[in-house]
Amino acid sequence: DGGITQSPKYLFRKEGQNVTLSCEQNLNHDAMYWYRQDPGQGLRLIYYSQIVNDFQKGDIAEGYSVSREKKESFPLTVTSAQKNPTAFYLCASSIAGGFNEQYFGPGTRLTVT
Amino acid sequence: QKEVEQNSGPLSVPEGAIASLNCTYSDRGSQSFFWYRQYSGKSPELIMFIYSNGDKEDGRFTAQLNKASQYVSLLIRDSQPSDSATYLCAVNIPLFSGGYNKLIFGAGTRLAVHP
């Protein structure tokens, strides 16, 4: 089955620790995206990548970092510099170009205390 | 000014009725428009997209686009309790560097279909 996987589903960390969220896709999509969602709010774009070894900052990139070493994988690191890291993190992918239909993974709910 | 606006709801409709969800956007360069359904605690699921003015139908769902008015809507016919969810409107905005484009999401409208 083709799809996007994210792990873990739930993640708990202490303040001051970096944490890496996994995103893998086997849809052969070129573009991948990271969003965060806070209660009652829309999705906000953190980082995106259209090709391997290239990525761009989204609207709220501060305190986050990414890598794109393989087409299938786009991990997100939430660093200790992110002031409000508790959120629902969503990874998405799409074909390059086209109408930009994005398909989402199941998400990772991060809680930092 | 928000780029994509939706009424937060809840929109409450009886089972079997038509639910009408609305969305306005500010960027006239937007080229394609998406409706996602999100159940509580789950990730968004793409249900429809539209890029030409007019209506596009898929089963019980109809998306309507009016670019002159910068307005997109989703109609759900014969609403079922299983349609109860938050519906997110997303608008594709082209970025002119490197061929990228990005989706801007509204905050969503919560739909409640009651038996």
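Residues numbered from 1 in each chain as written. Chains lettered and ligands numbered in written order. Predicted model: local features only at pLDDT ≥ 70, side-chain atom pairs only at ≥ 80, totals over all residues. Heavy atoms only, no water.

Caption draft 1: Up close: the interface of chain A and chain B. Taken together, the contact between chain A and chain B spans 26 residues of the former and 23 residues of the latter. Ranking the residues of chain A by area buried against chain B places Phe99(A), Asn100(A) and Phe104(A) at the top, with a combined share of 28%. Counting every contact that joins chain A to chain B gives one salt bridge. Measuring nitrogen to oxygen at the nearest pair gives 2.8 Å for the salt bridge that ties Lys102(B) to Asp59(A). The interface formed by chain A and chain B holds four residue pairs in polar contact (both at pLDDT 80 or more) in total. With five residues, strand S5 (residues 43-51) of chain A is the single largest residue contributor to the side of chain A that touches chain B. Residue composition of the side of chain A that touches chain B, by class: eleven nonpolar, ten polar and five charged. (Contact = heavy atoms within 4.5 Å. Buried area = accessible area lost by both parts, 1.4 Å probe. Salt bridge = Lys/Arg side-chain N within 4 Å of Asp/Glu carboxyl O. Polar contact = N/O pair within 3.5 Å; in protein donor to acceptor, adjacent residues only side chain to side chain. Helix = DSSP H or I, 4+ residues; strand = E, 2+ residues; numbered from the N terminus. Nonpolar A, V, L, I, M, F, W, Y, C, P; charged D, E, K, R; others polar.)

Caption draft 2: Representation of the state of the cysteines in the model. In the structure shown here, the tally under the stated rule is two disulfides over all chains. The residue that forms a disulfide with Cys23(A) is Cys91(A), at a sulfur-sulfur distance of 1.9 Å. Sign of the S-S torsion, about -70° for the bond between Cys23(A) and Cys91(A), identifies this disulfide as left-handed. Taken as a pair, Cys23(A) in strand S3 (residues 19-25) and Cys91(A) in strand S9 (residues 87-94) lie far apart in primary sequence, 68 residues in all. Put simply, Cys23(B) and Cys89(B) are joined by a disulfide, and their sulfur atoms are 2.1 Å apart. Looking down the S-S bond of the Cys23(B) and Cys89(B) bridge, the torsion is -75°, so its handedness is left-handed. Taken together, the residues span a long stretch of sequence, with Cys23(B) in strand S3 (residues 19-25) and Cys89(B) in strand S9 (residues 85-94) at a distance of 66 residues. Residue classification places Cys23(B) among the buried residues on the basis of a relative accessible area of 1%. Classification of Cys89(B) by relative accessible area gives buried; the value is 0%. (Disulfide = S-S within 2.5 Å. Buried < 20%, exposed > 50% of the residue type's maximum accessible area, 1.4 Å probe, protein only.)

Caption draft 3: Seen up close, the packing of aromatic side chains. Counted under the stated rule, the structure contains twelve aromatic pairs over all chains. Here Arg109(A) stacks its cationic end above the ring of Phe88(A), 4.2 Å away from the centre of that ring. The ring of Phe61(B) carries the charged tip of Arg60(B) above its face, separated from the ring centre by 5.6 Å. (Phe/Tyr/Trp six-rings, centres within 6.5 Å; stacked < 30°, edge-to-face > 60°. Lys NZ or Arg CZ within 6 Å of the ring centre and 35° of its normal.)

Caption draft 4: Here's a closer look at the environment of Cys91(A). Overall, the relative accessible area of 0% leaves Cys91(A) in the buried class. When neighbours within four sequence positions are excluded, Cys91(A) is seen to be in contact with Ile4(A), Gln6(A), Cys23(A), Met32(A), Tyr33(A), Trp34(A), Tyr103(A), Phe104(A) and Gly105(A).

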